[in-house]
Amino acid sequence: MAEEKESTSIPLSQAENGTPDPEDPAKSPPPSPNSSTRKACCYVLQSWVSKKFMTGCVVLFPVAVTFFITWWFVQFVDGFFSPLYEHLGVDIFGLGFITSLLFVFFIGVFVSSWTGATLFSLGEWFIKRMPFVKHIYSASKQISAAISPDQNTTAFKEVAIIRHPRVGEYAFGFITSTVTLQRDNEDEELCSVFVPTNHLYIGDIFLVNSKEIIRPNLSIREGIEIIVSGGMTMPQIISPLERVARQNDRIPLNRIMN
């Protein structure tokens, strides 16, 4: 009996001061309405601030990346001729960058001539005889030829969509060449389709029947942008060239009927 009285007894200080027992929910004071309203307002304000901060990050991230890459590119190109101007005592920022652009322009004009093309072919022949360097040059030339305004035979010819790796799945690629496969009954025309796997330097080559290739209304540069960006620049609608041609043929007929 003594133990039960000791366990149920209330301390004298709490009894005198009227302090509620925190372990007894019936005796704890109810939360005030002002406290609940304050917590709700703080939660709404915190959520609003977090959302606006993330919105600012999303908006400023591509701007910061573009500015950083552009600034790095300007400094990198400017560094080719700026030491020459510093040696002459001319310290003007951007003058080396402008000189580099003019240098590239005149190189393009010179290579377009017969003499420049001959010298360039001679230098290219020498580079292709160097071990290890020739592989880097060949891969780099393939990419530069793909985006070159002078589409030659070594560049990517068309953007292609093929069924790969399983039925119902598709992959982006570039048609590089065509080959005829001779069979007993009839010959089959195959297209060499280069499908990048990591970036534009590494990929797989598939020989696909030309009738099974979907040719979208995309240029070579648009196809490269889609692959380099990981598909983030993918257009919402992709139409085959045959469908676009049929739609263009129907437009004059509709205008005549109207």
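Only a predicted model underlies this, so the values are computations on that prediction, with no experimental measurement involved.

**Q** Lay out the overall build of the protein with the relevant residues and their values.
**A** Check the secondary structure of the protein and you find eight helices and four strands. Reading the secondary structure of the protein in the N-to-C direction produces α-α-α-α-α-α-β-β-β-β-α-α. Going through the 258 residues of the protein one by one, you find that 19% of them count as buried. With an accessible surface of roughly 20,500 Å², the protein has 63% of that area assigned to carbon and sulfur atoms.

**Q** Now, about the sheet that holds strand S1 (residues 158–163): what can you tell me, with residues and values included?
**A** Across a sheet, strands are paired by hydrogen bonds formed along the backbone, either parallel or antiparallel in direction. With antiparallel pairing, the four strands of this open sheet are ordered in space as S1-S2-S3-S4. Here the strands that pair on one side only, and so sit at the sheet edges, are S1 and strand S4 (203–209). The average undirected angle you get between the axes of adjacent strands in this sheet is 45°. By the bridge criterion, seven bridges tie strand S2 (residues 170–181) to strand S3 (residues 188–196) in an arrangement that is antiparallel. Bridge assignment links Ile175 to a residue of S3, and that residue is Val193. Strand contacts of helix H7 (residues 220–228): S1, S2 and S3, with the helix running at about 130° to S2, the strand carrying the most contacts.

**Q** Tell me about a nonpolar patch on the surface, residues and numbers included.
**A** On the surface, Phe103, Val104, Ile107, Phe110, Val111, Leu119 and Phe120 cluster together to form a nonpolar patch covering roughly 630 Å² of accessible area. Where the nonpolar patch is concerned, the elements lending two or more residues are helix H4 (95–112) and helix H5 (114–127). Looking at which element gives the most residues to the nonpolar patch, the answer is H4, with five residues. Among the secondary structure elements, Leu119 is positioned in helix H5. Residue Leu119 is classed as partly exposed on the basis of its relative accessible area of 48%.

**Q** Can you lay out the UniProt feature "transmembrane region" (unreviewed entry) in the protein for me, pointing to particular residues and giving the numbers?
**A** The residues that UniProt annotates with the feature "transmembrane region" (unreviewed entry) are residues 53–74 and 94–120. With 93% helix and 0% strand, residues 94–120 has its two end C-alpha atoms placed 29 Å apart.

**Q** Go over the environment of Val208, please, and point to the residues and values.
**A** Relative to the helices and strands, Val208 resides in strand S4. Note: C-alpha distance between Val208 and Ile162 (46 residues apart in sequence) is 7.9 Å. Discounting residues that sit within four places of it in the chain, Val208 has contacts with Ile162, Glu189, Leu190, Cys191, Val193 and Ile213.

**Q** Provide a residue-level description of the packing of H4 against H5, including the pertinent values.
**A** The packing of two helices is summarised by the inter-axis angle and the distance between the axes. Where H4 meets H5, the closest approach of the two axes is 4 Å, and the angle between their N-to-C directions is 95°. Taken together, the axes of H4 and H5 are roughly perpendicular relative to one another. For the pair H4 and H5, the contacting residues are Phe110, Val111 and Ser112 in the first and Trp114, Gly116, Ala117 and Leu119 in the second. Partitioned by chemical class, the residues of the contact of H4 with H5 number five nonpolar, two polar and no charged.

**Q** Describe in detail H5, supporting the description with residues and values.
**A** In this model H5 runs 20 Å from its N-terminal to its C-terminal C-alpha over 14 residues, within 8% of the 20 Å that 1.5 Å per residue would give. Regarding H5, its N-cap is Ser113, as a side-chain oxygen of that residue lies 3.3 Å from the backbone nitrogen of Gly116 further along.

**Q** An account of the layout of surface pockets is requested, with residue identities and associated values reported.
**A** By volume, the second largest pocket amounts to about 150 Å³. Residue lining of the second largest pocket: Phe73, Phe76, Val77, Phe80, Phe81, Ser100, Leu101, Phe103 and Val104, and that is the complete set. For the lining of the second largest pocket, the secondary structure elements donating two or more residues are helix H3 (33–87) and H4. In terms of residues, the lining of the second largest pocket owes the most to one element, H3, which gives five residues. Taken together, the residues that form the lining of the second largest pocket break down as eight nonpolar, one polar and no charged.

**Q** Before we move on, can you summarise the packing of aromatic side chains with the specific residues and values?
**A** Per the counting criterion, the structure on display carries six aromatic pairs. Centroid distance Phe73 to Phe97: 6.3 Å. Interplanar angle 85°. Geometry classified as edge-to-face. In this pair, Phe73 is assigned in helix H3 and Phe97 in helix H4, connecting sequence segments 24 residues apart. With relative accessibility at 42%, the residue Phe73 sits in the partly exposed group. Relative to Phe80, the ring of Phe76 lies with its centre 5.2 Å away and its plane at 80°, an arrangement referred to as edge-to-face. One end of the pair is Phe76 and the other is Phe80, both in helix H3 and four residues apart, which spans about a single turn. Take Phe76: its relative accessible area is 44%, and that puts it in the partly exposed class. Classification of Phe80 by relative accessible area gives exposed; the value is 55%. A connected cluster of aromatic rings, assembled from ring pairs, spans Trp72, Phe76 and Phe80.

Thresholds applied
Residues numbered from 1 in each chain as written. Predicted model: local features only at pLDDT ≥ 70, side-chain atom pairs only at ≥ 80, totals over all residues. Heavy atoms only, no water. Helix = DSSP H or I, 4+ residues; strand = E, 2+ residues; numbered from the N terminus. Buried < 20%, exposed > 50% of the residue type's maximum accessible area, 1.4 Å probe, protein only. Areas by Shrake-Rupley, 256 points an atom, 1.4 Å probe, with all protein chains shown as cover. Pairing = 2+ DSSP bridges. Axes fitted to C-alpha atoms, helices over the stretch in contact; angles between N-to-C directions. Contact = heavy atoms within 4.5 Å. Patch = residues over 30% accessible without salt bridge, like charges linked within 9 Å, V, L, I, M, F, W, Y side chains within 5 Å. Salt bridge = Lys/Arg side-chain N within 4 Å of Asp/Glu carboxyl O. UniProt positions renumbered as here; feature names shortened; annotations may be inferred. Parallel < 35°, antiparallel > 145°, perpendicular 65-115°, else oblique. Nonpolar A, V, L, I, M, F, W, Y, C, P; charged D, E, K, R; others polar. Expected span 1.5 Å × (residues − 1). Polar contact = N/O pair within 3.5 Å; in protein donor to acceptor, adjacent residues only side chain to side chain. 1 Å grid on protein atoms, 1.4 Å probe; cavity = no way out; pocket = protein on both sides within 12 Å on 5 of 7 lines; lining within 4 Å. Points joined across faces, edges and corners; volume = space filled by probe spheres on them. Phe/Tyr/Trp six-rings, centres within 6.5 Å; stacked < 30°, edge-to-face > 60°.

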